[in-house]
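Okay, here's what each chain looks like letter by letter:
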Amino acid sequence: MSLRFDAELEKYGPGSAMSPPGLLEAQDYCRRLAGSHYENFTVASWLLPPRLRQPFCNVYAYCRWADDLADETGDSFRSLELLSWWERQLDDCYRGRARHPVFVALINTIEEYDLPPEPFRDLLSAFRQDQRKRRYETFAELLDYCRRSANPVGRLVLRLGRFDNAANAAWSDSICTGLQLANFWQDVRRDYEQDRIYLPRETQRRFGYGEDMFEDRTASDAFRQMLAFEVDRAESYLEAGRPLLEQTPPSLRVDIDLFLRGGLAILDAIRRQQFDVWKRRPSVGKLAKIRLLWSAWKAQRGTPA
């Protein structure tokens, strides 16, 4: 467990004797939490319209806490206990009661934007699965995980932007699934070091790559071909969601475009390394991110990127 999270858990976790903070204090906590964590493209982007920055920070803070409860304890049993506690806090929030600063801030956002509980619950379901399931037999199993680990975030964004409908939800799901897959293929080594393999066994068999070969941590021809196949598949999901941009409110369009471009940039980074994700984690550098931002900004204002 990291020192930061250990301190947060002691202060705000189960058994804490803290009094519920006021709304302004809770909102400030969520803003600070959103601003203190590195992400490829931060959810609470400065590009967001001012009216949406706080709601996005509140939702992000919920996701950040849930993710840390799942990954920072180093103990699957303890993580499951904490995720159950977090879900009880969510239940209380939907009953109009909140003690934790994240839920004190989130309760108004839920009411104002009519956020359903299912996306929040689905995220917890995926985080629980990570404690129990470390291998995937089929790509369909992996898609089911993405449905609960990534797609709910997009569904919440649609609600916050007030452009939630069946067609937009399907495009959003496709983008979010593509982003989750890109993250998996970027982090093959990191996940393996945590005894997690997201590359489906059916894909491994297709390219003649057995699980015993992961231990070598080398980019053999079979591994490169296997990862190239999955990278192309992730790209197809991202591109399939592109029509969402035309339906996105102008105030959010650059952000959504940036997420899409960011996922594609990760996949391109993997390709530039010739699919050798063992020696070095593919990443998108600061200069490249600035270029992506500039391209997204121009594209959504009618100027060719």
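Residues numbered from 1 in each chain as written. Predicted model: local features only at pLDDT ≥ 70, side-chain atom pairs only at ≥ 80, totals over all residues. Heavy atoms only, no water.

The name that an unreviewed UniProt entry assigns to the protein is All-trans-phytoene synthase, with the source organism given as Lignipirellula cremea.

Let's talk about the overall build of the protein
Stated precisely, the cut-off is as follows: Numbering of helices and strands runs from the N terminus; a helix is a DSSP stretch of H or I covering at least four residues, while a strand is a stretch of E covering at least two. Both definitions apply: the radius of gyration is a C-alpha atom measure, and the globule rule equals 2.2 Å times residues to the power 0.38. In this analysis, two residues are considered to be in contact whenever any of their non-hydrogen atoms come within 4.5 Å of each other.
Looking only at helices and strands, one finds 15 helices and 0 strands in the protein. Taking 2.2 N^0.38 as the reference for a compact globule, 305 residues should give roughly 19 Å; the C-alpha atoms of the protein span a radius of gyration of 20 Å, in line with that estimate. By principal-axis analysis of the C-alpha atoms, the protein measures approximately 60 × 50 × 35 Å. Partitioning the intrachain contacts of the protein with sequence separation of at least 6 by distance along the chain shows that 72% fall at a separation of at least 24.

Side note on the nonpolar core
For clarity, the cut-off: As used here, the term nonpolar core means buried Ala, Val, Leu, Ile, Met, Phe, Trp, Tyr and Cys residues forming a set that is joined through side-chain atoms within 4.5 Å. Burial classes follow relative accessibility: with a 1.4 Å probe on protein chains only, a residue under 20% of its type's maximum area counts as buried, one over 50% as exposed, and anything between as partly exposed. Domain delimitation follows an automatic or database domain assignment.
If you look at the biggest cluster of nonpolar residues, it comprises 89 residues, and the most contacted ones within it are Y62, W65, W86, W185, F223 and L227. Domain assignment of the residues forming this core places at least three in each of domain 1 (20–132) and domain 2 (138–299). With residues near it in sequence (within four places) discarded, W65 still touches F5, E8, L9, Y12, Y29, L33, W85, W86, H100 and V102.

Side note on the domain arrangement of the protein
Interface extent is often summarised as the accessible area lost during association of the parts. Operational definition: By definition, the buried area sums, over both parts, the 1.4 Å-probe accessible area that each loses when the two are put together. Every case where a carboxyl oxygen of Asp or Glu lies within 4 Å of a side-chain nitrogen of Lys or Arg is listed as a salt bridge. Here a polar contact means two N or O atoms within 3.5 Å. Within protein one must be a hydrogen donor candidate and the other an acceptor candidate, and residues neighboring in sequence count only if both atoms are side-chain atoms.
What the domain assignment lists for the protein is domain 1 (20–132) and domain 2 (138–299). On a C-alpha basis, the centroid separation for the pair domain 1 and domain 2 is 23 Å. With 33 residues of domain 1 in contact, the opposing surface of domain 2 contributes 25 residues. For the domain 1 and domain 2 pair, buried surface summed over both sides reaches about 2600 Å², with 63% attributable to carbon and sulfur atoms. The tally of links from domain 1 across to domain 2 stands at 2 salt bridges. Residue D114 is joined to R159 by a salt bridge in which the shortest nitrogen-to-oxygen separation is 3.6 Å. For the pair domain 1 and domain 2, the number of links is 7 residue pairs in polar contact (both at pLDDT 80 or more). For the side of domain 1 that touches domain 2, the secondary structure elements donating two or more residues are α3 (50–71), α5 (101–113) and α6 (118–132).

Details of the packing of helix α4 (residues 76–94) against α5
Heads up, the rule is: Helix axes are fitted to C-alpha atoms over the stretch in contact, other axes to C-alpha atoms as well, and angles between N-to-C directions run from 0 to 180 degrees. For this classification, under 35 degrees means roughly parallel, over 145 means roughly antiparallel, 65 to 115 means roughly perpendicular, and everything else is oblique. The sense of a crossing depends on the near helix, which, turned anticlockwise from the far helix by less than a right angle, makes the crossing left-handed and, turned clockwise, makes it right-handed. Classification convention: Asp, Glu, Lys, Arg as charged; Ala, Val, Leu, Ile, Met, Phe, Trp, Tyr, Cys, Pro as nonpolar; all other residues, Gly among them, as polar.
As a packed pair, α4 and α5 sit with axes 10 Å apart at the nearest point and diverge in direction by 45 degrees. Comparing their axes, α5 and α4 come out oblique. In this structure, the crossing between α4 and α5 has a hand that is right-handed. Where α4 abuts α5, its residues W86, Q89, L90, C93 and Y94 lie against V102, F103, I107 and I110. Of the residues that constitute the contact of α4 with α5, the class distribution is 8 nonpolar, 1 polar and no charged.

A few points about the environment of S251
Locating S251 in the fold gives a position in helix α14 (residues 250–272). Each C-alpha atom, one on S251 and one on R53, is 12 Å from the other, the two residues being 198 residues apart in sequence. Contacts of S251, omitting those with residues within four sequence positions, involve L47, P49 and R51.

Considering the packing of aromatic side chains
So the rule is basically this: Each aromatic pair joins two rings of Phe, Tyr and Trp (for Trp, the six-membered one) with centres within 6.5 Å, and gets the label stacked for planes under 30 degrees apart, edge-to-face for over 60, and tilted for any other angle.
According to the stated counting rule, one finds 23 aromatic pairs in the structure shown. Relative to W85, the ring of W65 has its centre 6.3 Å away and its plane inclined at 55 degrees; by these criteria the two rings are tilted. Separated by 20 residues along the polypeptide, W65 in helix α3 and W85 in helix α4 bring together distant segments of the chain. Summarising the burial analysis for this pair, W65 and W85 share the class buried. Pairing F214 with W278 gives two aromatic rings, centres 6.1 Å apart and planes at 70 degrees, and the pair type is edge-to-face. Of the two residues, F214 is situated in the loop between α11 (201–206) and α12 (221–240) and W278 in the loop between α14 and α15 (286–299); the sequence distance between them amounts to 64 residues.

With respect to helix α2 (residues 23–36)
Formally: The span one expects for a helix is its residue count, reduced by one, times 1.5 Å. The arc in question is the one spanned by the directions pointing from the helix axis to the C-beta atoms.
In this model α2 runs 20 Å from its N-terminal to its C-terminal C-alpha over 14 residues, within 8% of the 20 Å that 1.5 Å per residue would give. Those residues of α2 lying buried are A26, Q27, Y29, C30, L33 and A34. On an axial view of α2, the arc spanned by its buried residues comes to 155 degrees, and they lie on one face. Facing away from the buried side of α2 by more than 90 degrees, the exposed set consists of L24, E25, G35 and S36.

A word on helix α7 (residues 139–149)
Spacing of three or four residues puts side chains on the same side of an α-helix, whose turn is 3.6 residues. Along α7, the residues that are buried comprise F139, L142, Y145, C146, R148 and S149. Elements in contact with the buried residues of α7: α6, α8 (151–160), α9 (166–186), α11 and α12.

What about the state of the cysteines?
Spelled out, the test is: The disulfide definition used here is simple: a pair of cysteine sulfur atoms within 2.5 Å.
Summed over the entire model, instances satisfying the criterion amount to 0 disulfides. C93 takes part in no disulfide bond, and the closest cysteine sulfur, belonging to C30, lies 11 Å away. Overall, C93 belongs to the buried group, its relative accessible area being 4%. C146 takes part in no disulfide bond, and the closest cysteine sulfur to it belongs to C176, at a distance of 9.9 Å.

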